[in-house]
Every structure is written in structure tokens, then in C-alpha cells.
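Breakdown of the fold
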Amino acid sequence: MLIAGFPAGAWGTNCYVVAPAAGEECVIIDPGHQATQGVEATLRKHRLKPVAVVLTHGHIDHVASVVPVCGAHDVPAWIHPEDRYMMSDPEKALGRSIGMPLMGELTVGEPDDVRELADGAALKLAGMDFSVAHAPGHTKGSVTFRMPALADVPPVFFSGDLLFAGSIGRTDLPGGSHAEILRSLGRVCLPLDDSTVVLSGHGPQTTIGRERATNPYLREVAAGLAAEPTAAPRRGM
């Protein structure tokens, strides 16, 4: 499997391009702010043909380049219905204006073909299997994508802004809920095998085993405690 990732834009949001191998079809995950150039460079380098864009949630730092990327390659974008409005109204999703200079760089709106994700959906894209899990808390429509283990490749988990190395997503923006994100961590992350590679929306990769042992939020959930840890800062827009 080929997974090429790079941080894009003002928020350093991780965009991923996933394919069975070089020279084949691929899926683009979270083309956010100023991600278009990086996406096109990755496609050229590995001779890839996109078949879909899939989105972990609707915040502008994850979706800002969806319209140009989908338009350039005539592919659909997949998003959970509860976050779909954010593509057309990003300021409402943030609860504030993000500033005219930044907005001037963005193509706000939906691509021509938008398809909706559901909890438990099994997507087969570019010959690869993606299991969708609805994981609200950071936003109401946050989802994760899990790929099964292959012969010599461990399972891969695209966590969006649910789980980071050492932290979790913020919950203070519209649609966020600390109680919900804790439930999502318990329901979606804790059952995964320790070998699962976690590729998150911000920051470095990690594994479920490492986070189970060291992440203060995941440890609180695993222990069944209700108190919110304060040891680690949370990320995401």
C-alpha cells in the first residue's frame, strides 16, 4: 500500500493520498487549506488517478481545497450529513469570522458530486476497503476511516481530529462536546488492535497501543473516569 501524507496550509492539517501502489487509482483524504498544490505534486510523483475525496469532518482546515481538487479530477466528495453544511458556510462552523484575507484564498461551496457517509458504512474505493465510524465530539459529523491489515501491513486508522498523538480534538467550537468525544474514543478507538497505525488530522503518526498506554484522555476513558484530564493541550481548528 502507498500512503503519502503532508501538512497543508495555515493549520498544518494532514492531507493523505492513499493507493494500492504507484501508478494506480487513489483516494484523497482531507484536502484542506492550501492543499491543492501538494495533492497535485503527489499525484504526479506516484502517477496516481483519484477516484474520490473522503472527509473526516467539515472544518475549513480539512475541506478548503475540496472544490478545486474534485473539480480538477471530476470525482465525488464523501462527508457525513451533519457536517455537510460546513463546506458552504465555514464561518458558522467556527462560530466566528476567520478573517477576510484568509477567506479570499478559499473556494467556499460544494463540489458537483457530494455523497453522504453513514456509521458502519463499508466503502470500496480504488480497490481498497475503508470502514466508516461516526465519531462525534469534535464536530457532530466527525467520522474515522479504518483500513484492514494486509499481508505485511498493519491496520491503518485515519482518525481525523478525534485522536492525536498524546491528545484529542478540541470540543469548544459549535457542535463540539467533550462528553461525546469521550464516548467516541471508547466506542471507536479502544476496540482497535494495538498494532493499528493512527494517521491523524494534525501532528505525527502514532499507534493505538502507544496511545492506550500514554494518552491521558484515552487512559481516562479506558479507566472509566469522568474527570477531564488537563495534562495535554488539544489540537485542531
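Before reading on, note that the structure itself is shown above.
Residues numbered from 1 in each chain as written. Predicted model: local features only at pLDDT ≥ 70, side-chain atom pairs only at ≥ 80, totals over all residues. Heavy atoms only, no water.

**Concerning the pattern of salt bridges**
Tallied over the full model, the rule gives 7 salt bridges. Among the salt bridges present, the one from Glu116 reaches Arg84, with a minimum N-O distance of 3.3 Å. Of this pair, Glu116 sits in strand S6 (residues 114-116) while Arg84 sits in the loop between strand S5 (77-79) and helix H4 (90-94), and the two are 32 residues apart along the sequence. On the basis of relative accessibility, which here comes to 43%, the residue Glu116 falls in the partly exposed class. Judged by relative accessible area, Arg84 falls into the partly exposed class, the value being 24%. Of the charged contacts, one joins Arg115 and Asp113 as a salt bridge, the two residues approaching to 2.8 Å between their closest N and O atoms. A network of salt bridges, in which partner residues are shared, links Arg84, Glu110 and Glu116. (Salt bridge = Lys/Arg side-chain N within 4 Å of Asp/Glu carboxyl O. Helix = DSSP H or I, 4+ residues; strand = E, 2+ residues; numbered from the N terminus. Buried < 20%, exposed > 50% of the residue type's maximum accessible area, 1.4 Å probe, protein only.)

**Observations regarding the pairing of strand S8 (residues 128-134)**
In terms of burial, S8 is largely enclosed, as 5 of its 7 residues are buried. Looking at chain direction, strand S7 (residues 122-125) and S8 are connected through 4 bridges and run antiparallel. Looking at the pairing, Ala122 lines up with Ser131 of S8. Two successive antiparallel strands, S7 and S8, enclose a turn made up of 2 residues, where Ala126 displays a positive phi of approximately 55°. Summarising the sheet, S8 and strand S9 (residues 143-147) pair through 4 bridges and their orientation is antiparallel. Residue pairing for S9: Ala133 is matched across the bridge by Thr144. (Pairing = 2+ DSSP bridges.)

**Observations regarding the packing of helix H1 (residues 36-46) against helix H3 (residues 66-73)**
Two elements in contact, H1 and H3, have axes separated by 9 Å at closest approach and are oriented at 35°. Contacts from Thr36, Val39, Glu40 and Leu43 of H1 reach H3 at Pro68, Val69, Ala72 and His73. Considering only residue class, the contact of H1 with H3 consists of 5 nonpolar, 2 polar and 1 charged. (Axes fitted to C-alpha atoms, helices over the stretch in contact; angles between N-to-C directions. Contact = heavy atoms within 4.5 Å. Nonpolar A, V, L, I, M, F, W, Y, C, P; charged D, E, K, R; others polar.)

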